[in-house]
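Single-letter residue listing:
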Amino acid sequence: MHYQHIVIGAGSMGMAAGYFLANQGKEVLMLDAFNPPHEQGSHHGGTRLIRYAYGEGVEYVPFAIRASELWQTLQAETPREIFKQTGVLNVGRSDGVFVRNVCESAKTFELPLAVLTAAEVNEKWPGLTLPADLLGCFEPTSGILLVEECIAAYREAALKAGAELRLNSRVIRINPQQGNEPVTIETADGAVFTADAVIVSVGAWAGELLQQLDLKLPVTPIRKTFAWYEATNDLYDEQSFPGFAFDLGDSAYYGFPSVAGAGLKLGRHDGGLPINPDEPKQAFGTVKGDEEELTEFLRRFMPQVGALKEGKTCMYTMTPDEDFVIDLHPTYRNIAIAAGFSGHGFKFASAVGEIVSDLVTRGETTLDISPFSLDRFQ
Ligand SMILES: Cc1cc2nc3c(=O)[nH]c(=O)nc-3n(C[C@H](O)[C@H](O)[C@H](O)COP(=O)(O)OP(=O)(O)OC[C@H]3O[C@@H](n4cnc5c(N)ncnc54)[C@H](O)[C@@H]3O)c2cc1C
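As recorded by an unreviewed UniProt entry, the chain carries the name N-methyltryptophan oxidase and is attributed to Brochothrix campestris FSL F6-1037. A UniProt comment under Cofactor (unreviewed entry) is attached to the chain, and it reads "FAD".

Structure, rendered in structure tokens:
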């Protein structure tokens, strides 16, 4: 049971990594605690925004551009629809860091971006009512990734290229050795595997599992909620309404037009309750504020959106600076880590898969991953 590479956690990042390794002709085994795509981690709910003019920081732009190229490659290989180019409207105050970063990203990398006053936004999208102190930055090339379809497409392509996937196989022990010797991995059902190199991409479970590798990652799993609302199709459907990201200074929200009649989808990005990923999550609507914080946003900015249809919960894995962790282990250089995606990682999953596969095969990668290094926490 020896492989060149084992990927622990075949979710958003891990399934992509397995695809890139298998495509290089490597013997690769992917192990997952469930059957991805699934609803136990961070990758369900139908949709994820992909934006390139990046409010979280200009340093993410080359990474987003590379991710987009790789999503397009995947789109060309799969019969599944994985991307919808709805455009994304970024909203905030003109003096806020988010809007400033969006504009600076667009300028530096010559990305198409229309900067609109509140009145212009309200005229272009009659489903919106922005007050005069907010600006809208519309990026027409951005849009929506259909998250489960992306993971299913990578899964199919990885298996076709020769990767193996073992489902319902929770890894309970990782035993590395000094000097790049094979790593031994044990699952909850008693199977034992060895690999020349390993990728650990276990999402909300990273803090727990990485302790075995003497790493105390400051990552916190957070319970997040999102919901779909009745929405008049001509105002809010995917043909006429964009994805959106609002940074209001004291709160941040994101959402999606009604895709295939599902309803307008809305989530709050900041806040949320720290949780243990192994304990059942409290269902949407059972924690005070779940519904109120969303309806308050709709009342202010999208008053024509109708009643709640359905709400769900999901998990973010937050780092203190909300930047990712993508690095080789400081001692065991045949172990790569992809963790702490802080609620904005999915759009990059294609590029993260490529990067970690580079790290375990070549020890380096072409994109600058220094902002995501482990040593920033020391
Ligand atoms: C509600 C919500 C909205 C979001 N919106 C956006 C957005 O609009 N745009 C964006 O870019 N990002 C968004 N994100 C963030 C993005 O979805 C996550 O950053 C990303 O999915 C994290 O990927 P991951 O691979 O780390 O985790 P996951 O996709 O959860 O994968 C981890 C995998 O590891 C497996 N695993 C765990 N422990 C073990 C173990 N011991 N052994 C074996 N397998 C194990 C799990 O079963 C799982 O399949 C959102 C997240 C949420 C929750």
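J.: How should the overall build of the chain be read in this particular structure?
T.: Across its full length, the chain holds nine helices and 20 strands. Compactness check: the chain gives a C-alpha radius of gyration of 21 Å against a globular reference of 21 Å for 378 residues, within 12% of the reference. Over its C-alpha atoms, taken along the principal directions, the chain stretches across nearly 65 × 45 × 45 Å. By residue count, 56% of the 378 residues in the chain fall in the buried class. Considering only contacts in the chain between residues 6 or more positions apart, those separated by 24 or more positions represent 74%.

J.: Mind showing me how you'd approach the UniProt feature "domain: FAD dependent oxidoreductase" (unreviewed entry) in the chain here?
T.: In the numbering used here, UniProt assigns the feature "domain: FAD dependent oxidoreductase" (unreviewed entry) to residues 6-359. Spanning residues 6-359, this segment combines 27% helix with 28% strand, and its end C-alpha atoms are found 13 Å apart.

J.: Any chance you could explain the sheet that holds strand β8 (residues 143-146) here in plain terms?
T.: Through backbone hydrogen bonds, the strands of a sheet pair up, either in parallel or in antiparallel fashion. The sheet built from three strands is open, its strands ordered β3-β8-β4 with antiparallel pairing. Across the chains shown, the open sheet's two edge strands, defined by having one partner strand only, are β3 (47-50) and β4 (83-84). Here two bridges tie β4 to β8, and the two strands are oriented antiparallel to one another. Pairing of Phe83 across the sheet is with Leu145, part of β8. Docked against the sheet, helix α5 (residues 147-160) engages β3 and β8, running at close to 50 degrees with respect to β8.

J.: I tried to follow the site of the ligand on my own but got confused; where do I start?
T.: What surrounds the ligand is a group of 34 residues, the closest being Ser12, Asp32, His43, Cys314 and Lys347. Between Val171 and the ligand, the recorded distance is 2.9 Å, taken from a backbone N or O atom to a nitrogen atom. Here an oxygen atom of the ligand and a backbone polar atom of Gly345 are 3.2 Å apart. For the ligand, the accessible surface in isolation is 1,000 Å², of which the surrounding protein chains cover 97%. Elements with a contribution of two residues or more to the shell around the ligand: α1 (12-23), β3, β15 (252-256) and β18 (308-318). If one sorts the elements of the shell around the ligand by residue count, β18 sits on top with three residues. Two domains each provide a minimum of three residues to the shell around the ligand, namely domain 1 (1-86 + 145-218 + 320-378) and domain 2 (88-140 + 220-318).

J.: Mind showing me how you'd approach the nonpolar core here?
T.: In globular proteins that are soluble, nonpolar side chains generally tend to be buried together. Ranked by internal contacts, the top residues of the largest apolar core, which has 74 residues, are Phe63, Trp71, Tyr154 and Ile326. The greatest single-element share of this core, amounting to eight residues, is contributed by α1. Residue-level mapping places this core at the junction of two domains, with at least three residues from each of domain 1 (1-86 + 145-218 + 320-378) and domain 2 (88-140 + 220-318). With 31 residues, the next largest nonpolar core counts Ala191, Ala195, Leu209 and Leu217 among its residues.

J.: Looking at this structure, I do not really get the side chain of Ser357. What am I missing?
T.: By the element assignment, Ser357 lies in helix α9 (residues 349-362). For Ser357, a relative accessible area of 1% translates into the label buried. In contact with Ser357, other than residues within four places in its own chain, are Ala17, Phe20, Leu21, Gln24 and Ile199.

J.: Where do I start with the pattern of salt bridges in this structure?
T.: Side chains that carry opposite charge are capable of pairing whenever their charged atoms lie near each other. Per the stated rule, a full pass over the model turns up 19 salt bridges. Lys312 is the partner of Glu39 in a salt bridge, and the nearest nitrogen-oxygen pair spans 3.0 Å. Placement of the pair is Glu39 in the loop between β2 (28-31) and β3 and Lys312 in strand β18, with a sequence separation of 273 residues. A single salt-bridge network, built from bridges that share partners, covers Arg66, Glu69 and Glu354.

What counts as what
Residues numbered from 1 in each chain as written. Predicted model: local features only at pLDDT ≥ 70, side-chain atom pairs only at ≥ 80, totals over all residues. Heavy atoms only, no water. UniProt positions renumbered as here; feature names shortened; annotations may be inferred. Helix = DSSP H or I, 4+ residues; strand = E, 2+ residues; numbered from the N terminus. Rg over C-alpha atoms; globule rule 2.2 N^0.38 Å. Buried < 20%, exposed > 50% of the residue type's maximum accessible area, 1.4 Å probe, protein only. Contact = heavy atoms within 4.5 Å. Pairing = 2+ DSSP bridges. Axes fitted to C-alpha atoms, helices over the stretch in contact; angles between N-to-C directions. Near = heavy atom within 4 Å. Polar contact = N/O pair within 3.5 Å; in protein donor to acceptor, adjacent residues only side chain to side chain. Areas by Shrake-Rupley, 256 points an atom, 1.4 Å probe, with all protein chains shown as cover. Domains from an automatic or database assignment. Core = buried A, V, L, I, M, F, W, Y, C linked by side-chain atoms within 4.5 Å. Salt bridge = Lys/Arg side-chain N within 4 Å of Asp/Glu carboxyl O.

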